[in-house]
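Coordinate analysis (summary)
Spelled out, the chains give:
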Amino acid sequence: MIPVILSGGSGTRLWPVSRKTYPKQFWPLLSENSMLQETCNRLENYAGMQEPIIVCNEEHRFFVAHQLQNSALGNAAIILEPMGRNTAPAVATAAFHALQNAPDGEDPVLLILPADHVIKDIARFHTALAKAEGLAQSGHLVTFGIVPTAAETGYGYIQGGKGLEELPEAKQIDRFVEKPDQETAEHYWSSGEYFWNSGMFIFRASTYLGALEQFAPEILSATREAWEQSLTDADFIRLDKNAFSNCPSDSIDYAVMEHTSNGVVIPLDAGWSDVGSWSALWEIGDKDQNENVTFGDVLVQDSRGCYLRSDNRLLATVGIEDIMVIDTTDVVLVAHKSQVQKVKELVNRLSEEQRQEIDIHALVHRPWGSYQGIDRAERYQVKRISVAPGAALSLQMHHHRAEHWIVVKGTARVTRGKETFILSENQSTYIPIGELHRLENPGKIPLEIIEVQSGSYLGEDDIERLDDVYGRQGSQK
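Cut-offs and rules
Residues numbered from 1 in each chain as written. Predicted model: local features only at pLDDT ≥ 70, side-chain atom pairs only at ≥ 80, totals over all residues. Heavy atoms only, no water. Helix = DSSP H or I, 4+ residues; strand = E, 2+ residues; numbered from the N terminus. Buried < 20%, exposed > 50% of the residue type's maximum accessible area, 1.4 Å probe, protein only. Contact = heavy atoms within 4.5 Å. Areas by Shrake-Rupley, 256 points an atom, 1.4 Å probe, with all protein chains shown as cover. Lys, Arg positive; Asp, Glu negative; His and termini not counted. Charge placed at Lys NZ, Arg CZ, Asp CG, Glu CD. Pairing = 2+ DSSP bridges. Axes fitted to C-alpha atoms, helices over the stretch in contact; angles between N-to-C directions. Parallel < 35°, antiparallel > 145°, perpendicular 65-115°, else oblique. Left-handed = near helix turned anticlockwise from the far one by under 90°. Nonpolar A, V, L, I, M, F, W, Y, C, P; charged D, E, K, R; others polar. Core = buried A, V, L, I, M, F, W, Y, C linked by side-chain atoms within 4.5 Å. Polar contact = N/O pair within 3.5 Å; in protein donor to acceptor, adjacent residues only side chain to side chain. Arc of directions from axis to C-beta.

Looking now at the overall build of the protein chain. Looking only at helices and strands, one finds eleven helices and 30 strands in the protein chain. Referenced to the eigenvectors of the C-alpha coordinate spread, the extents of the protein chain come out at roughly 75 × 60 × 40 Å. By residue count, 52% of the 477 residues in the protein chain fall in the buried class. Of the contacts made within the protein chain by residues no fewer than 6 positions apart, 68% connect residues no fewer than 24 positions apart. Accessible surface computed for the protein chain: about 21700 Å², of which carbon and sulfur atoms make up 45%. Looking at charge distribution, the protein chain has the averaged site of its 42 positive side-chain charges lying 5 Å from that of its 66 negative ones.

If you want it as structure tokens, here you go:
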């Protein structure tokens, strides 16, 4: 069995932590591991599990590659989508890859998992996997239906029908239904016939592609072309942009599962959550004696039922109840627990106002390290830059700004024009407008510098890149 981990979501309901350039699947929200790493780790002891296929956005490729190195599954095929087209096309490209690389014409079973879900009871999950794998091997398209614990309006539902002869607890799928209102959700919950739609699937690669050919031939054609014209770049498989852009955007549910007569749902009761809101994180988090969940440097006084997260400074509360407070470097979100589903509406407003806070963190991660804005005004800005040991920024130049670099930790190798030299702590240099330059860390500890930019334009797209070891294009420093 090959896990196919879908890592392309943006997680807007967990704003301001989850943003376009650094979405929730790459954050450690419940443990020291990221959501992606936890997804990989829960598969570690399942017999016969192969190296995974990760499908992700091109912008996130370095996050995926780095985090996989520190996960249980290690090596993986990483397929890069030039743009999002929902889950049906993403899984089609993974199926093409799995079939092409299968030994002796084997038809591998694919386990489709979103990268940002939580499953607490791993033993129960593995038991359900084994049952689903058997059904997939016999040609079924299987999904996992979460046994509901409440009349939840935030999930879609699956209605189970007649039990299978070979496995009575597995149900034929009668229908998929959208997120219901409260009254309808109460009916679904009390009837015992409905399950939450988990978005997790298991089937043979050829079974899925055959279903696409029958029910969504345009998706099959476009993804086949994108796969056949893909290029391998270092550790990544780049789908052809033109072909993939012509692919319809659709989910597995809509494209296949709602149409097939071969769909099966297996009940799963294993402490599942899609971590779709801050209240969901409160529900599954470790609580203190007053039902508070805290993360970071938090001081709580006479407060109850709160989720309190601080990523960089002391967060203190007095006399509040059922409040969510999320404090990041550049944004503070305060919301009542009952209103957190409206965070997405807030993000839409920020998008309409073209606020950069919906996309970019003050702390920006790059394959070589990170940088954080410290101060900014007209014609200047100040950044703290951290470069990992052995890493290097691109050889580049700027047309509108000059830069001053001051080393505060570690050792820097600086290329400036035709000269290359070493800077140690407390030493500095100046990069004039239009001068070719590169910053490298030749040492064994992180290099940290303070960069002062000055000029008429300070945007990240003022970069002419001549050489880059990470194969990047565009406006990433």
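Anyway, onward from the coordinates.
Turning next to the sheet that holds strand 20 (residues 363-366). The strand order 20-21-22-29-24-27 describes an open sheet built from six strands, whose pairing is antiparallel. Since the sheet does not close on itself, it has two edges, and those belong to strand 20 and strand 27 (428-431), each with one partner. Shown here is a sheet whose adjacent strand axes are inclined to one another by a mean of 20 degrees, direction ignored. Relative to strand 29 (residues 447-455), strand 24 (residues 401-409) runs antiparallel, the two sharing eight bridges. Each residue of the ladder has a partner; that of I406, found in strand 29, is I450.

Our focus in this paragraph is the packing of helix 3 (residues 87-101) against helix 7 (residues 217-228). Each packed pair of helices is defined by two parameters, the angle between the axes and the distance between the axes. Running from N to C, helix 3 and helix 7 cross one another at 55 degrees; their axes reach a closest spacing of 9 Å. Considered as vectors, helix 3 and helix 7 are oriented oblique to each other. Two packed elements cross with a definite hand, and for helix 3 against helix 7 that hand is right-handed. Along the contact surface, helix 3 presents A88, P89, A92, T93, F96, H97 and Q100, while helix 7 presents I219, L220, T223, R224 and W227. In the contact of helix 3 with helix 7, the residues fall into seven nonpolar, four polar and one charged.

Ranked by internal contacts, the top residues of the largest apolar core, which has 76 residues, are L111, L129, F144, I202 and W278. Examining the composition of this core, we find that six residues originate from one element, helix 4 (residues 122-137), more than from any other. The contact partners of L111, leaving out residues within four places of it in the chain, are M1, I2, P3, V4, L43, M49, L129, F144, F201 and I202. A90, A92, A95 and I158 belong to the second largest nonpolar core, which has 46 residues in total.

Moving on, we come to the side chain of R238. Among the secondary structure elements, R238 is positioned in strand 11 (residues 236-238). Among the residues examined, R238 registers a relative accessible area of 18% and is labelled buried. At 2.8 Å, the side chain of R238 forms a polar contact with the side chain of D233.

Further remarks concern helix 11 (residues 343-352). Within helix 11, burial applies to V343, V347 and L350. Projection of helix 11 onto a plane perpendicular to its axis shows the buried side chains occupying an angular sector of 60 degrees, all on one side. Of the exposed residues in helix 11, the ones pointing more than 90 degrees away from its buried face are R349 and E352. Lining the buried residues of helix 11 we find strand 19 (332-336). Looking at the residues trailing helix 11, positive phi occurs at Q354, about 55 degrees.

So yeah, pure geometry; function would need other evidence.
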